[in-house]
Each structure stands twice: as C-alpha cells, then as structure tokens.
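Notes for the structure review
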Amino acid sequence: MLVNDYIPVTHCQRIILPKIGDNRGDLSFIESGNHIPFSIERIYYIYNIPDKQLRGAHAHRELKQLIISLSGSFCVQLDDGKNKHTAHLDSPSEGLLISNLVWRELYNFSENAICLVLASHKYDESDYIRNYSDFLEAAGFAS
Ligand code: T46
C-alpha cells in the first residue's frame, strides 16, 4: 500500500507514486481513480522557465490537478484561504494533488525543471479565479 503525506490544506495531498526500478532505470505510472481521485482530461507541462519566474497565482473553481516534477525541482505554495503549506517537488515518483478552490503559486524553479500537470478538466478560462479577494470570497472567507 502506498503511504501518502498529509498536507494541512483542504483536500491537498502529497502522493507517492509507484516506482518500478531495475538495472534499466525506473518506471512510474499513474492510473485515474487509483492513484488520483479523478479522470485525466488534460495533460500539460511547463518548461524552459526563466530564473526567478513565478507561475500560477490563481485558483480554480472546479479543476483538480496532480503536479509532478519530471526533472529538476520547484516549490508550490498552497493556500485554501485559511491554511498555507509549501511543498518542494523534486522527484518524478511523487505528485502533489491540488484540489479546487486552492490558491497556488509555483516558484524557485531549477534550471532544468519540467513541471508535468495532470488535470481533471479541459482548459477553460472561466474556471480560473485570478484575483485573491475573489478567491477568498469563493472559498467562503470573505471579510
Ligand atoms: C496551474 C499551473 C500549475 C492553454 O491554452 N491551455 C492550457 O491547458 C493551459 C494550462 C494554459 N493555456 C494558456 C492560457 C495562457 O494564455 O497558456 C497560457 C499560460 O497559462 P497560465 O498563465 O495559466 O500558466 P501558469 O503556469 O501560470 O498556470 C498553469 C495552469 O493554468 C494552472 O491551472 O495550476 O499551471
């Protein structure tokens, strides 16, 4: 049984992926509904990231995602409006599950970083919340 790490941000989790290694190298895999709690509708990846670049800085109304560092490393700060947590991703055999209504910021990308994202929905700009106050309101923390 795989043991996943608890993260104090609503429905977010560090997921330890299967890794099958032999003298030819390592192989990891991800199955919808088995290792991640959604069907994969889209895959995208971020690469050639300039030094000190920030990505993300938004939340999603419905979208759930699994983020993996395929190469190099980077940090992801998660914020559900109440709790914050920073994860450092540096292994292709670990994923960070990010639920909907979680503000995320990706930064500290290493020179060779490749960020792979498995997403529960196709791209839809209307699903984005790009203003932090709007995010707090949607998450139920409006002042
Ligand atoms: C997230 C982080 C980790 C598309 O046309 N299709 C796509 O599937 C995506 C993801 C983006 N785009 C377009 C929309 C923008 O014109 O590509 C451009 C850059 O997208 P964005 O500024 O949203 O990229 P990031 O790296 O800030 O955020 C992305 C995801 O959008 C977001 O869901 O969690 O990666």
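In what follows, the structure referred to is the one given above.
These lines cover the structure that appears in this document, whether it is placed above or below. (Residues numbered from 1 in each chain as written. Predicted model: local features only at pLDDT ≥ 70, side-chain atom pairs only at ≥ 80, totals over all residues. Heavy atoms only, no water.)

A look at the overall build of the protein chain
Regarding its fold elements, the protein chain presents one helix and 13 strands. Moving toward the C terminus, one meets the helices and strands of the protein chain in the order β-β-β-β-β-β-β-β-β-β-β-β-β-α. The C-alpha atoms of the protein chain give a radius of gyration of 15 Å, which matches the 15 Å a tight globule of 143 residues would have. Along the longest, intermediate and shortest principal axes, the C-alpha atoms of the protein chain span 55 × 35 × 25 Å. Within the protein chain, buried positions represent 39% of all 143 residues. Entry remark: accessible area of the protein chain is about 8200 Å², with carbon and sulfur atoms responsible for 48%. Here the protein chain holds 13 positive side-chain charges and 18 negative ones, and the gap between their average locations is 1 Å. (Helix = DSSP H or I, 4+ residues; strand = E, 2+ residues; numbered from the N terminus. Rg over C-alpha atoms; globule rule 2.2 N^0.38 Å. Buried < 20%, exposed > 50% of the residue type's maximum accessible area, 1.4 Å probe, protein only. Areas by Shrake-Rupley, 256 points an atom, 1.4 Å probe, with all protein chains shown as cover. Lys, Arg positive; Asp, Glu negative; His and termini not counted. Charge placed at Lys NZ, Arg CZ, Asp CG, Glu CD.)

Looking at the pattern of salt bridges
One pass over the full model with this rule turns up six salt bridges. A salt bridge links arginine 14 to glutamate 94, with the shortest nitrogen-to-oxygen separation between them at 2.5 Å. Remark: glutamate 94 occurs in strand β10 (residues 94-98) and arginine 14 occurs in strand β2 (residues 13-16); sequence separation between them is 80 residues. For arginine 14, a relative accessible area of 14% puts it in the buried group. (Salt bridge = Lys/Arg side-chain N within 4 Å of Asp/Glu carboxyl O.)

Let's talk about the site of the ligand
Around the ligand, a shell composed of 14 residues is seen, among which Arg42, Arg55, His60, Gln65 and Tyr128 lie nearest. Within the contact set of the ligand, an oxygen atom lies 2.8 Å away from a backbone nitrogen or oxygen of glycine 56. Within the side chain of arginine 130, a nitrogen or oxygen atom sits 3.4 Å from an oxygen atom of the ligand. A per-class count over the shell around the ligand returns six nonpolar, four polar and four charged. (Near = heavy atom within 4 Å. Polar contact = N/O pair within 3.5 Å; in protein donor to acceptor, adjacent residues only side chain to side chain. Nonpolar A, V, L, I, M, F, W, Y, C, P; charged D, E, K, R; others polar.)

What about the sheet that holds β10?
The six strands lie next to each other as β1-β2-β10-β7-β12-β5, forming an open sheet whose pairing is antiparallel. In this open sheet, the two strands that pair with only one neighbour each are β1 (5-6) and β5 (42-46). The pairing of β5 with strand β12 (residues 114-119) spans five bridges and is antiparallel. Within the sheet, the bridge partner assigned to isoleucine 46 lies in β12 and is cysteine 115. (Pairing = 2+ DSSP bridges.)

None of this, on its own, says anything about what the molecule does.
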